[in-house]
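One letter stands for each residue in the lines below.
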Amino acid sequence: MDMATKVRILPFFRAQPRKGVIKADHVVRFDIHQRIQHILMMSSFSLLALTGLPLKFYDNAVSQWWVALWGGVESTRAIHHFFAWVMVFDCAYHLAYLGCTTIILKRPFPVEMIPSPKDFFDLLADLRYYFGLSPERAKYGRFNYREKFDYWAVFWGIFIMAGSGFILMFPVLVSKLVPGWIVPTALVAHSDEAILAVSWIVIVHLFFAHLAPNIFPFNKSIFTGRVPKQRYEHEHPLEYERMVAADRESRAKEEPNA
């Protein structure tokens, strides 16, 4: 990448404030790019579900009423296709963000999001706690096993949904290039994965992200980038301890120069 390109790209990805910073009453957990990516994913996923599921279950009277509200089948399908491209763009944005921040800006690779054996033991510790077999819950770092599952499930789902969706978007073209059974297989994969994804978001993600007792009724952190310090210390104690130690070390280095 030439210097001119870097000059154009770097200001865009040097978003402030940086995440992982302790302030007076909160912790900066997400930067502006992560928040934008989540908003794009949340909005595209919601609109894809609202337009896709009624088309799948079109024989249902409620689905027919809902599709008519959107302007008919063709209009609903067009909206569905538009937000499919928004989701694909969001995925590309995220990959570009990772590449630019780690390769060009030389920031540490986010290894905390990679599953590790600790996640399995954290799950066992939580199960013991929930069943009253242990007085303590697992202690998490920056991300717990549920958050990691949410993140990697998106990658898994994107490949299935985008791949099968492209086939369904251009069935005639695809059928000229591959065996005919690919199109109906893509239809089954696309619709079943959609039901699985919507079920997971509604039953699991929304509860732990917004409806859990210590968060209810709404978690603003993904929109503001900030988490109250007390809650962050409770939810991510290992990461909070690391941040406090890093803050002390930084202050100690600055004091002799003061």
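Residues numbered from 1 in each chain as written. Predicted model: local features only at pLDDT ≥ 70, side-chain atom pairs only at ≥ 80, totals over all residues. Heavy atoms only, no water.

Enquirer: Would you mind going over the packing of aromatic side chains in detail, with residue names and values included?
Expert: Any pair of aromatic rings gets described here by the distance separating the centres and the angle formed by the planes. Here the structure, examined in full by the defined rule, presents 14 aromatic pairs. Aromatic side chains Phe 120 and Phe 121 sit 5.6 Å apart centroid to centroid with 70° between the ring planes, which places their arrangement in the edge-to-face category. Residues Tyr 140 and Tyr 145 carry aromatic rings whose centres are separated by 6.1 Å and whose planes lie at 75° to one another, so their mutual orientation is edge-to-face. Across the pair, exposure class does not vary: Tyr 140 and Tyr 145 are buried alike. (Phe/Tyr/Trp six-rings, centres within 6.5 Å; stacked < 30°, edge-to-face > 60°. Buried < 20%, exposed > 50% of the residue type's maximum accessible area, 1.4 Å probe, protein only.)

Enquirer: Report on the nonpolar core, specifying residues and quantitative values.
Expert: Buried together is how nonpolar side chains tend to be arranged in soluble globular proteins. Judged by nonpolar contacts, Met 41, Leu 47, Leu 48, Phe 83, Val 86, Met 87, Cys 91 and Ile 158 together constitute the single largest core of 8 residues. Looking at this core, the elements that each hand over two or more residues are α2 (32-56) and α4 (73-104). Per-element tally for this core: the top contributor is α4, with 4 residues. Setting aside chain neighbours within four positions, we find Val 86 in contact with Leu 40 and Ser 44. (Core = buried A, V, L, I, M, F, W, Y, C linked by side-chain atoms within 4.5 Å. Helix = DSSP H or I, 4+ residues; strand = E, 2+ residues; numbered from the N terminus. Contact = heavy atoms within 4.5 Å.)

Enquirer: Explain the environment of Gly 163 to me, using residue names and the numbers behind them.
Expert: Secondary-structure assignment places Gly 163 in helix α6 (residues 145-169). Each C-alpha atom, one on Gly 163 and one on His 190, is 8.6 Å from the other, the two residues being 27 residues apart in sequence.

Enquirer: Please set out unusual backbone geometry residue by residue, giving values where relevant.
Expert: Note the cis peptide between Phe 216 and Pro 217, where omega equals 10°. With respect to the element layout, Pro 217 can be found in the loop between α8 (182-211) and α9 (221-224). Despite not being glycine, Lys 106 shows a phi value in the positive range, around 60°.

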